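Take a look at the letters that make up each chain.
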Amino acid sequence: AADRSRDADQLDLVRLLHDLAPVLQAAAGPSVQVALESGSSTLPLTGNATELEQALLNLLTNARDAKARHVTLRTSRVERTDADWRDERVHGVAAAGAFACIEVQDDGEGMREEIVERIFDPFFTTRFPGRGLGLAVVSGALRRHRGAVTVDSAVGRGTTFRLYLPLAAGERTHPPAPG
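Description of the structure in this document. Starting afresh in each chain, residues are numbered from 1 along the sequence in its written order. In keeping with the predicted nature of the model, local features appear solely for residues at pLDDT of at least 70, side-chain atom pairs appear and are counted solely at 80 or more, and the whole-chain, interface and lining totals rest on all residues. Side-chain figures throughout are based on the complete set of non-hydrogen atoms in the structure, without hydrogens or water.

## Points about the overall build of the protein chain
Here is step 1: Along the protein chain, the regular secondary structure elements total 5 helices and 8 strands.
Here is step 2: Helix and strand definitions follow DSSP, with helices as H or I runs of at least four residues and strands as E runs of at least two, each counted in order from the N terminus. Ordered by position from the N terminus, the helices and strands of the protein chain form the series β-α-β-β-α-β-α-β-β-α-α-β-β.
Here is step 3: Per-residue accessibility, obtained with a 1.4 Å probe over protein chains only, is compared with the maximum for each type, and a residue is labelled buried under 20%, exposed over 50%, and partly exposed between these values. Put simply, the protein chain has 179 residues, and 44% of those count as buried.
Here is step 4: Residue contacts are counted whenever heavy atoms from the two residues lie within 4.5 Å of one another. Taking the contacts inside the protein chain whose residues are at least 6 apart along the sequence as the reference set, 74% of them involve residues at least 24 apart.
Here is step 5: In the structure as shown, the protein chain presents an accessible area of about 9,500 Å², 51% of it carried by carbon and sulfur atoms. Surface exposure here means Shrake-Rupley accessible area, sampled with a 1.4 Å probe, where a residue is shielded only by the protein chains that are shown.

Shown next, in the form of structure tokens:
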């Protein structure tokens, strides 16, 4: 296996998303409004910016294909326990800990349960052939970052993906409250 450590950089997820905003809007197309809501000032992590960009581009393309008019990307810092993962459909490493979370919520068509079950399978697609690696790329990127992705969708109410990326080592504990 290749040494992935040299492909990993110290990143700030909030800055990365702000830098990518024009690219993500372009990928979504002129009929989709992309909004970015940052819940934290910084979210430091170790990762590969190119892989994360590709994962987000694939999610935006899917939202566009699902006829979304609005896509909201929200960043936050979250603590997850083993119990938190149990009731969700998780792909990747569902470990307890502190994560930077990117929520990608769209108001598109949504998906039936049997579609949601298979969306991360390589080459599974409900669109025309040749574009079936999109969500497998998302899942693979999160696995390589020792993170996870969850999906929540229903026909007629859109889809929400949550990408959980482990925070950098020094950020895994809450700083003491001031005063």
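## Examining helix α2 (residues 49–65)
Here is step 1: Helix span, as expected, comes to 1.5 Å for every residue beyond the first. If you check α2, its first and last C-alpha atoms are 24 Å apart, about what 17 residues at 1.5 Å a residue would give, namely 24 Å.
Here is step 2: Taken as a whole, α2 has its buried residues at Glu51, Leu52, Ala55, Leu56, Leu57, Asn58, Leu59, Leu60, Thr61, Ala63 and Asp65.
Here is step 3: Between the side-chain oxygen at the start of α2 and the backbone nitrogen of Thr50 there is a gap of 3.0 Å, and the oxygen is on Asn48. Definition of a polar contact: a pair of N or O atoms within 3.5 Å, with one able to donate and the other able to accept a hydrogen when the atoms are protein atoms, and with sequence-neighbouring residues admitted only if both atoms are side-chain atoms.

## Thoughts on the packing of α2 against helix α5 (residues 134–144)
Helix-helix packing is described using two parameters, namely the angle between the two axes and the distance between the axes.
Here is step 1: Where α2 contacts α5, the two axes come as close as 9 Å, and the packing angle between them is 150 degrees. Seen from above, α2 lies across α5 with left-handed handedness. Where α2 abuts α5, its residues Glu51, Gln54, Ala55, Asn58, Leu59 and Asn62 lie against Gly134, Leu135, Val137, Val138, Ala141 and Arg144. Lines are fitted to the C-alpha atoms to define the axes, a helix being fitted only along its stretch in contact, and any angle between axes, read from their N-to-C directions, falls within 0 to 180 degrees. Crossings are sorted by hand: turned counterclockwise from the far helix by less than a right angle, the near helix makes the crossing left-handed, and turned clockwise it makes it right-handed.

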